[in-house]
Amino acid sequence: MDMSMRKETPLSGGLAGVTLGRPMALTLPVVVLAALAPWLVSAYELNLLARFLAMALLAMGLVLVWGQGGVLSLGQGVFFGLGGYAIAMHMKLAALADGDLPDFMVWSGLDALPWWWVPFKSPLVAILGVVLVPGALAALFSWAVFRRRVGGVYFALITQALALAFATLLISQQPSTGGFNGLTDFQTVMGLELGTPAAAHGLYWLTLALVVGVFVALRALMASRYGLLLRAIRDGENRIRFLGYDPTPFKVVAFTIGAVLAGLAGALFTLHAGVVSPALVGVVPSIEMVIWVAVGGRNSLAGAIAGTLAVNLAKDGVSSAFPDLWLYALGLVFVLVVTLLPGGLAGLVADAGATGWGKRLKTLIIGEAK
Amino acid sequence: MSAQATASHIGTTAPASNLLLAMDGVTVDFDGFKALNGFSLTLDRGTLRVLIGPNGAGKSTLCDTIIGRVRATSGRVIFKDQDITHLPEHEIVRRGICRKFQTPGVLPGLSVVDNLMIAAKRDRRWWSSFRHGVAAEEKARVADILETIGLADRAAAPAGQLAHGEKQWLEIGMVVATRADLLLLDEPTAGMGPAETSQTATLIRRLVGQHTVLVIDHDMSFLEQLDARVTVMHQGQFLKEGSVAAIRADADVAAVYLGRAKENTHHV
Ligand SMILES: Nc1ncnc2c1ncn2[C@@H]1O[C@H](COP(=O)(O)OP(=O)(O)OP(=O)(O)O)[C@@H](O)[C@H]1O
Ligand SMILES: [Mg+2]
């Protein structure tokens, strides 16, 4: 027993702190079922599912950044927005004849396209922009901050300020950003006629494929030395520093990957929703993103997807019936999760698997200290 | 090639090349309070040195200054003939110094073996971390250290679940796993019983030669078992240096410890 342990444990990749999905046997049927969704649900439901899956990409990024890296970002909306606006700008331009301006610019009295719009005429620039703009911004920003050893609450507050500034900037620059209404009314993307069932199905499958791909890739990343070191830095940044590692680049990489995924999520969401606006990228949406992951379990990729779907489905239900109640309901859910279920849904499933529901119920009811 | 260079180096400047670390008039000023006050110390390669002094003498601050956690207000720290006083912490460690903290600094959420794996990793640059494989040599080293520190059967346990003494050993193991030339062990036997303490002394004595070791401790029986040269510091300054027996018999040393002991009894 001793020998086998010696042989295997060193290569376990350090799964402590990673609640990976439940048995892999479950994953395949879920993916197949999801792929068949276009024939199983209504067009409206498919569109909702597509939006939520897009957001799940962002949520998985937060697992890496927040769960594994211990870096709470309240500014993911910024990167989501950058991705969304990048693709939206392209779609606005692609629909125009040469020399024409998007309608809102004409109404605002602009007579030339702002210089920073021009490159987005190219589909390639737009696609690259979706990932490179958020990625580059995140890398520069987080490097500057982490290098000065700013972390924890201060980092969270800075990112929140970033979200506020970004939304404010978008609104204030109405002539070139579309202001409060954002960008909407798209016709085609890369030759695909938006609004047709073919486009809806294609974009849905693209999103699903990205979710599966990112899930697999992040899982591998979390199991690598990098993932182990990221968790180690989360648990003891100084100890790691005094073992000869520089924690800054590890955190910068995580934050950058999180931002790239947020940008991708924003672009796909914009395609599914047909709109991107400051209301989707500011302080409140950025906090909501963290709540999806808190609900699902911040160390679990599968949990993050489940949390995103669950919270957004609930939002769809609650906010169409009682629009004023949603934020209160969300706040309540957040408080409940933080106090009762620190591991989120994934933690609940893991506990149920390990110790049975009885114990969890007892904990829930009696509130036994952990 | 490097062996030859080293050999000729030794040939020409024999005394200097045996020197591993030199602290040269180091002062650390915490808003007017001098935790180190013009302190100097030299350590030769492959030797063991014990540092003692009453509470608050500045022993931990000394380690902090060597490793870059605290910066010298004046004076220099020279390691392998190079000035490391102002290098970033991880750079200092990569040059070959590793420290065990006074309160055990293991990573509680990671398994015992992962703690050691991280310490044993040779290439600590971030881009080399995107691999799954572990070098056979690192694996062997970790297995070896697990055996030495007696934690082979706890390899998969989270480090946070270890007993206090086991955490101390794990951290010593981590420090050793880095292959540092200079090991700074701050109170390695705190919280250990007599049996564990003497095992620790044996462990440390085995490290000497391959490593240079600086041990901070208060426990007299532990110091006797280590049987090394002792440096005594008091109020941030050098007080005495000598063998354990000489230090035990020294009146000045007794005075600073007794003074402290008297204060303590008054408080009690
Ligand atoms: N960051 C700091 N700011 C201000 N004072 C400090 C700081 N760190 C240490 N000190 C003070 O410096 C003095 C030396 O502390 P140090 O921890 O080096 O002592 P020590 O010799 O290790 O003592 P002990 O045997 O109790 O571990 C103490 O009086 C301590 O209060
Ligand atoms: Mg101390």
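Residues numbered from 1 in each chain as written. Chains lettered and ligands numbered in written order. Predicted model: local features only at pLDDT ≥ 70, side-chain atom pairs only at ≥ 80, totals over all residues. Heavy atoms only, no water.

Within an unreviewed UniProt entry, the label attached to chain B reads Urea transport system ATP-binding protein, and the organism entered is Nitrospirillum amazonense.

Looking at an unreviewed UniProt entry, one finds chain A named Urea transport system permease protein and attributed to Nitrospirillum amazonense. Turning to chain A, the UniProt record has this under Subcellular location (unreviewed entry): "Cell membrane". (UniProt positions renumbered as here; feature names shortened; annotations may be inferred.)

### What about the sheet that holds strand S9 (residues 229-234) of chain B?
All names here are of chain B. The 6 strands lie next to each other as S6-S7-S8-S3-S9-S10, forming an open sheet whose pairing is mixed. Each of the sheet's edge strands pairs with one partner strand only, and the pair in question is strand S6 (97-100) and strand S10 (237-242). Across the sheet, the mean angle from the axis of one strand to that of its neighbour is 20 degrees, orientation sign disregarded. Across 4 bridges, the pairing between strand S3 (residues 48-52) and S9 is parallel. Bridge pairing links leucine 51 to threonine 231 in S9. This element, helix H3 (residues 59-67), spans S3, S6, strand S7 (182-186), strand S8 (212-216) and S9 of the sheet and lies at about 150 degrees to S6. Contacts from helix H7 (residues 164-177) reach S6 and S7 within the one sheet, and its direction differs from that of S6 by about 175 degrees. (Pairing = 2+ DSSP bridges. Helix = DSSP H or I, 4+ residues; strand = E, 2+ residues; numbered from the N terminus. Axes fitted to C-alpha atoms, helices over the stretch in contact; angles between N-to-C directions. Contact = heavy atoms within 4.5 Å.)

### Quick notes on the sheet that holds strand S4 (residues 74-79) of chain B
All names here are of chain B. In space, the 4 strands of this open sheet follow the order S2-S1-S4-S5, with antiparallel pairing throughout. Of all the strands in the sheet, just strand S2 (33-44) and strand S5 (82-83) have a single pairing partner and so form its edges. Bridge count between S4 and S5: 2 bridges; the pairing is antiparallel. Bridge pairing in S5 links isoleucine 78 to aspartate 83. Across the sheet, H3 touches strand S1 (19-30), S2 and S4, and the angle it forms with S1 is around 115 degrees.

### Observations concerning the interface of chain A and chain B
In this assembly, 34 residues from chain A lie in contact with 38 residues from chain B. A combined buried area of about 3300 Å² lies between chain A and chain B, and 67% of that area is made up of carbon and sulfur atoms. Taken together, the links from chain A to chain B amount to 3 salt bridges. We note a salt bridge from Glu171(B) to Arg239(A), for which the minimum N-O separation is 2.2 Å. For the pair chain A and chain B, the number of links is 8 residue pairs in polar contact (both at pLDDT 80 or more). The set of elements that each furnish at least two residues to the side of chain A that touches chain B consists of helix H1 (2-8), helix H10 (197-223), helix H11 (225-241) and helix H12 (247-273) of chain A. Along the lines of polarity and charge, the residues of the side of chain A that touches chain B split into 18 nonpolar, 7 polar and 9 charged. (Buried area = accessible area lost by both parts, 1.4 Å probe. Salt bridge = Lys/Arg side-chain N within 4 Å of Asp/Glu carboxyl O. Polar contact = N/O pair within 3.5 Å; in protein donor to acceptor, adjacent residues only side chain to side chain. Nonpolar A, V, L, I, M, F, W, Y, C, P; charged D, E, K, R; others polar.)

### Focus on the coordination of the magnesium ion (ligand 2)
Residue and element names in this part refer to chain B. Within the protein, the atoms that donate to the magnesium ion (ligand 2) are Ser60 (OG) and Gln102 (OE1), at distances of 1.9 to 2.2 Å. Of this pair, serine 60 sits in helix H3 while glutamine 102 is found in the loop between S6 and helix H5 (112-120), placing the two residues 42 residues apart along the sequence. On the basis of relative accessibility, which here comes to 35%, the residue glutamine 102 falls in the partly exposed class. (Donors = N, O, S within 2.8 Å, 3.2 Å for Na, K, Ca; no water. Buried < 20%, exposed > 50% of the residue type's maximum accessible area, 1.4 Å probe, protein only.)

### Points about the packing of aromatic side chains
Under the counting rule described, the total for this entry stands at 16 aromatic pairs over all chains. Geometrically, the ring pair formed by Trp39(A) and Trp205(A) is tilted, given 5.6 Å between the ring centres and 45 degrees between the ring planes. Of the two residues, Trp39(A) is situated in helix H3 (residues 37-40) and Trp205(A) in helix H10; the sequence distance between them amounts to 166 residues. With relative accessibility at 60%, the residue Trp39(A) sits in the exposed group. Judged by its relative accessible area of 32%, Trp205(A) falls in the partly exposed class. Seen in terms of ring centroids, Phe146(A) and Phe255(A) are 6.4 Å apart; in terms of plane orientation they differ by 90 degrees. Their pairing is edge-to-face. With Phe146(A) in helix H7 (residues 123-147) and Phe255(A) in helix H12, this pair connects stretches of sequence that are 109 residues apart. Phe255(A) carries the same exposure label as Phe146(A), and that label is buried. Of the aromatic side chains, those joined through ring pairs into one cluster are Tyr226(A), Tyr245(A), Phe250(A), Trp126(B), Trp127(B) and Phe130(B). (Phe/Tyr/Trp six-rings, centres within 6.5 Å; stacked < 30°, edge-to-face > 60°.)

### What about the nonpolar core?
Across soluble globular proteins, you tend to see nonpolar side chains buried next to one another. Grouped together as the largest cluster of nonpolar side chains are 151 residues, with contacts concentrated most on Met60(A), Leu183(A), Ile240(A), Ile118(B), Leu146(B) and Leu170(B). Looking at this core element by element, the count peaks at 17 residues for helix H4 (residues 43-68) of chain A. Non-local contacts of Leu183(A), meaning those with residues more than four positions away in its chain, are made with Tyr85(A), Ala88(A), Met89(A), Phe104(A), Trp117(A), Thr177(A), Gly178(A), Gly274(A), Val275(A) and Val276(A). Listed in part, the 31 residues of the second largest apolar core include Phe242(A), Leu36(B), Phe39(B) and Ile84(B). (Core = buried A, V, L, I, M, F, W, Y, C linked by side-chain atoms within 4.5 Å.)

### Some words on the UniProt feature "transmembrane region" (unreviewed entry) in chain A
In the numbering adopted here, UniProt assigns the feature "transmembrane region" (unreviewed entry) to residues 20-41, 48-66, 124-146, 153-171, 203-228, 249-269, 289-313 and 325-350 of chain A. In the segment residues 153-171 of chain A, helix accounts for 100% and strand for 0%; the C-alpha atoms at its two ends are 27 Å apart.

### Considering the site of ligand 1
Residues and elements named next belong to chain B. Residues in contact with ligand 1 amount to 13 residues; listed here are only the nearest, Gly56, Gly58, Lys59, Ser60 and Thr61. Glycine 58 has a polar backbone atom sitting 2.9 Å from an oxygen atom of ligand 1. Histidine 218 is positioned such that a nitrogen or oxygen atom in its side chain is 3.2 Å from an oxygen atom of ligand 1. Protein contacts shield 61% of the accessible area of ligand 1, which totals 640 Å² for the unbound molecule. Taken together, the residues of the shell around ligand 1 sort by class into 4 nonpolar, 7 polar and 2 charged. (Near = heavy atom within 4 Å. Areas by Shrake-Rupley, 256 points an atom, 1.4 Å probe, with all protein chains shown as cover.)

### Here we look at the pairing of S8(B)
Residues and elements named next belong to chain B. By the criterion of burial, S8 is predominantly enclosed, with 5 of the 5 residues buried. The two faces of S8 match: Thr212, Leu214 and Ile216 on one face and Val213 and Val215 on the other face are all buried. Relative to S8, S3 runs parallel, the two sharing 4 bridges. Counterpart to valine 50 in the pairing with S8 is valine 215. Where S7 meets S8, 5 bridges bridge the pair, whose relative direction is parallel. Across the sheet, the residue bridging to leucine 182 is threonine 212, located in S8. What joins S7 to S8 is helix H8 (residues 194-207), and the crossover it makes is right-handed. (Right-handed = clockwise from strand over helix to strand, strands pointing away.)

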